[in-house]
Amino acid sequence: MALNKKPYRGCRDFYPENMRIREYLFDQMKNSAHLFGYEPYDGPLLEEVELYKAKSGEELINDQIYSFTDRGERFVAIRPEMTPTLARMVANIHRQESKPIRWYSIPNLMRYEKPQRGRVREHWQFNVDIFGAAEGKGELEILSLIRDFLKSFGADHSMFSIRINDRMIVDHLMNQLLKLDEDSSYKLYKIIDRASKVTTEKLNQMIDEIITDSSAKSILNQYLGLDSFAAIKTFIKENNIPAESFLNIVSGAEELELLNYLEYDPAIVRGLDYYTGLVFEIFDKHPDNKRAIAGGGAYANLLKIFNEEPLGGIGFGLGDVTLKDFLESHGLLGDFSKKNCDLFVVTTEEEHELSVIKLANELRTLGCKTEAQLEKLKFNKIFKLAEQKGFSHVAMIESKDNSPQVQLRDLKTREIQYFSLEQAKDILKAIKG
Ligand code: HAM
């Protein structure tokens, strides 16, 4: 039986055209991170499952992780997220590093999920994290970086919003206002995290299983109805919630002109267990894209799992699939159908075939992106092919009065210039203008 030509379910083959887009997205990611002084890091594809069990949360472990026992009886997983690896790496070096530590990475991650729009099994995720920043300032830097990253594609606040909340507020709500024990709080966190994915009826039914007291229910409903910064500020005040750090971040965001990108959303609590402070998710305002483009937050205790002193971090992960959907839906992704090459060197005559390779070699040493046609082509095929492939120029070697000459054609302006084979530098000048 013939083998299946499709990639594994939920995974993608990246043909050159897809790869052009991917490289472009990655370049934008790298540029944005470098602009803020972040340095790249990477880690292994496999980690011990224990690393994720410690803090990532039950959904990731029970439903999404790809795990297996290796030949040495170690129970390992393909990384489903980068933050635990990052924490492990930072735990090794943070004592000798000056703070803050600013790192980024673009790992491929695997999660066993039902493939659908915005969800695949293997995705690439732009991770940016800062450790040991002054209180509240790391949050503002990370939010600024995300905003600037999306703006670098031409996006603005009519297209996306960063929905924020704070786990300290939610913890206070659960422990002090609703008087829930640890187990019920954990369950309620998961219910709130899923609030936007279920009907109101289902949500109420799930809440009823945890909260029976009517006054607690009314506080929770009041909380879930908070829909603006003004509303959460009043709620904080009325209920004496110690939320100075959150309020400082909001006023800092106002000062930094970030506020029109932010929204308060009580349902943002994040599905991963390690967050302890500010949490956020970025949502596309386009109706076709329901899933978060990115998610992140502050985590104070992640290094503790390695018996290290606490060192607070804050960061986000932004997926390539949701980013591409976002850019396409808003018309912000250019045309990647053509290859990125300047010049096509070609001949119609067999005797010049080696000269084609030689001239192409010379032009490459001068920095010109050049593709050589390795055997002669019929004249009427050359320009069609060059246009199809997306070259800006064609250099055709032809015989003129018994000696070779180069006919350089600009495919946009149709302008033609002639050169000798020795004039590689002049050819380059003509191409680059
Ligand atoms: P996360 O919310 O699980 O966070 O993922 C972040 C983003 O990765 C999502 O908003 C989405 O864009 C993308 N993503 C996640 N799963 C998939 C999938 N199956 N298919 C396509 N895209 C997906 C984290 O992973 C945290 N570790 C992020 C973080 C970094 N927090 C602090 N630093």
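Note: the structure precedes this text.
All figures in this text were calculated on a predicted structure; none of them were measured in a lab.

Turning our attention to the nonpolar core. Membership of the largest hydrophobic core comes to 76 residues, with the highest contact counts inside it found for Phe126, Ile162, Leu188, Phe246, Phe280, Leu323 and Phe326. At seven residues, helix α5 (residues 137–151) tops the list of elements feeding residues into this core. Split by domain, this core shows at least three residues from each of two domains, domain 1 (14–159 + 285–337) and domain 2 (160–265). Residues within four places of Phe126 in sequence aside, it is in contact with Met29, Ala33, Tyr104, Ser105, Ile106, Phe149, Phe316, Gly317 and Leu318. If you look at the next biggest cluster of nonpolar residues, it comprises 22 residues, including Ala87, Ile268, Tyr275 and Tyr299.

Turning to a positive patch on the surface, a few remarks are in order. A surface patch of like charges, here positive, comprises Lys376, Lys378, Lys381 and Lys384. Within the secondary structure, Lys381 sits in helix α14 (residues 379–389).

So, about a nonpolar patch on the surface. A cluster of nonpolar side chains, contributed by Leu45, Leu46 and Phe68, occupies part of the molecular surface with about 250 Å² of accessible area. By secondary structure assignment, the location of Phe68 is in strand β3 (residues 66–69). Taking relative accessible area as the criterion, Phe68 reaches 37% and is therefore assigned partly exposed.

Turning our attention to the packing of aromatic side chains. Under the definition given, this model contains 20 aromatic pairs. Relative to Tyr299, the ring of Tyr274 has its centre 5.9 Å away and its plane inclined at 80°; by these criteria the two rings are edge-to-face. Of this pair, Tyr274 sits in the loop between β9 (262–264) and β10 (278–284) while Tyr299 sits in strand β11 (residues 292–299), and the two are 25 residues apart along the sequence. Within the aromatic cluster, the residues linked to one another by ring pairs are Tyr24, Tyr104, Phe126, Phe149, Phe153, Phe316 and Phe336. For the cation-ring pair, Arg22 lies above Trp124, with the distance from its terminal atom to the ring centre recorded as 4.3 Å. Looking at Arg121, its charged tip hangs above the ring of Tyr112, at a distance of 3.9 Å from the centre.

Further remarks concern the sheet that holds strand β2 (residues 46–48). Strand order in the open sheet formed by three strands is β2-β4-β3, and the pairing between neighbours is antiparallel. Because the sheet does not close on itself, it has two edges, and the strands there are β2 and β3. Here the strands of the sheet are splayed against their neighbours by 35° on average, with no regard to which way each runs. For β3 and strand β4 (residues 75–78), the ladder comprises four bridges, and the chain directions are antiparallel. Bridge assignment links Tyr66 to a residue of β4, and that residue is Ile78.

So, on to the pattern of salt bridges. Overall, the coordinates contain 20 salt bridges when judged by the stated rule. Residue Glu263 pairs with Arg163 through a salt bridge whose shortest N-O separation is 3.9 Å. Placement of the pair is Glu263 in strand β9 and Arg163 in strand β8 (residues 160–166), with a sequence separation of 100 residues. Judged by its relative accessible area of 25%, Arg163 is partly exposed. Via salt bridges that share partners, Arg95, Glu308 and Glu309 belong to a single interconnected network.

Below, the discussion takes up the site of the ligand. The ligand sits among 26 residues. The nearest are Glu81, Thr83, Glu113, Asp129 and Tyr275. In this structure, an oxygen atom belonging to the ligand sits 2.9 Å away from a side-chain N or O atom of Arg111. Glu113 has a polar side-chain atom sitting 2.6 Å from a nitrogen atom of the ligand. For the shell around the ligand, the leading source of residues is β11, giving six residues. When grouped by side-chain class, the residues that make up the shell around the ligand number nine nonpolar, 11 polar and six charged.

Direction vectors running N to C along helix α13 (residues 353–365) and helix α15 (residues 424–432) enclose 65°, while the axes themselves pass 10 Å from each other. The element α13 and its partner α15 pack so that their crossing is right-handed. Between α13, through Leu359, Glu362 and Leu363, and α15, the contact on the second element is made entirely by Ala424, Ile427 and Leu428. A class-by-class count of the residues in the contact of α13 with α15 yields five nonpolar, no polar and one charged.

Checked against the element boundaries, Arg194 lands in the loop between α7 (182–193) and α8 (200–208). By relative accessible area, which is 38% here, Arg194 ends up partly exposed.

With that settled, the discussion passes to α5. Across its 15 residues, α5 extends 21 Å between first and last C-alpha, which sits within 8% of the 21 Å expected from 1.5 Å per residue. For α5, the tally of buried residues reaches 12 of 15 residues, placing the bulk of the element in the interior. Buried residues of α5: Gly138, Glu139, Leu140, Glu141, Ile142, Leu143, Ser144, Leu145, Ile146, Arg147, Phe149 and Leu150, and no others.

Reading the values: the criteria
Residues numbered from 1 in each chain as written. Predicted model: local features only at pLDDT ≥ 70, side-chain atom pairs only at ≥ 80, totals over all residues. Heavy atoms only, no water. Core = buried A, V, L, I, M, F, W, Y, C linked by side-chain atoms within 4.5 Å. Buried < 20%, exposed > 50% of the residue type's maximum accessible area, 1.4 Å probe, protein only. Helix = DSSP H or I, 4+ residues; strand = E, 2+ residues; numbered from the N terminus. Domains from an automatic or database assignment. Contact = heavy atoms within 4.5 Å. Patch = residues over 30% accessible without salt bridge, like charges linked within 9 Å, V, L, I, M, F, W, Y side chains within 5 Å. Areas by Shrake-Rupley, 256 points an atom, 1.4 Å probe, with all protein chains shown as cover. Salt bridge = Lys/Arg side-chain N within 4 Å of Asp/Glu carboxyl O. Lys, Arg positive; Asp, Glu negative; His and termini not counted. Charge placed at Lys NZ, Arg CZ, Asp CG, Glu CD. Phe/Tyr/Trp six-rings, centres within 6.5 Å; stacked < 30°, edge-to-face > 60°. Lys NZ or Arg CZ within 6 Å of the ring centre and 35° of its normal. Pairing = 2+ DSSP bridges. Axes fitted to C-alpha atoms, helices over the stretch in contact; angles between N-to-C directions. Near = heavy atom within 4 Å. Polar contact = N/O pair within 3.5 Å; in protein donor to acceptor, adjacent residues only side chain to side chain. Nonpolar A, V, L, I, M, F, W, Y, C, P; charged D, E, K, R; others polar. Left-handed = near helix turned anticlockwise from the far one by under 90°. Expected span 1.5 Å × (residues − 1).

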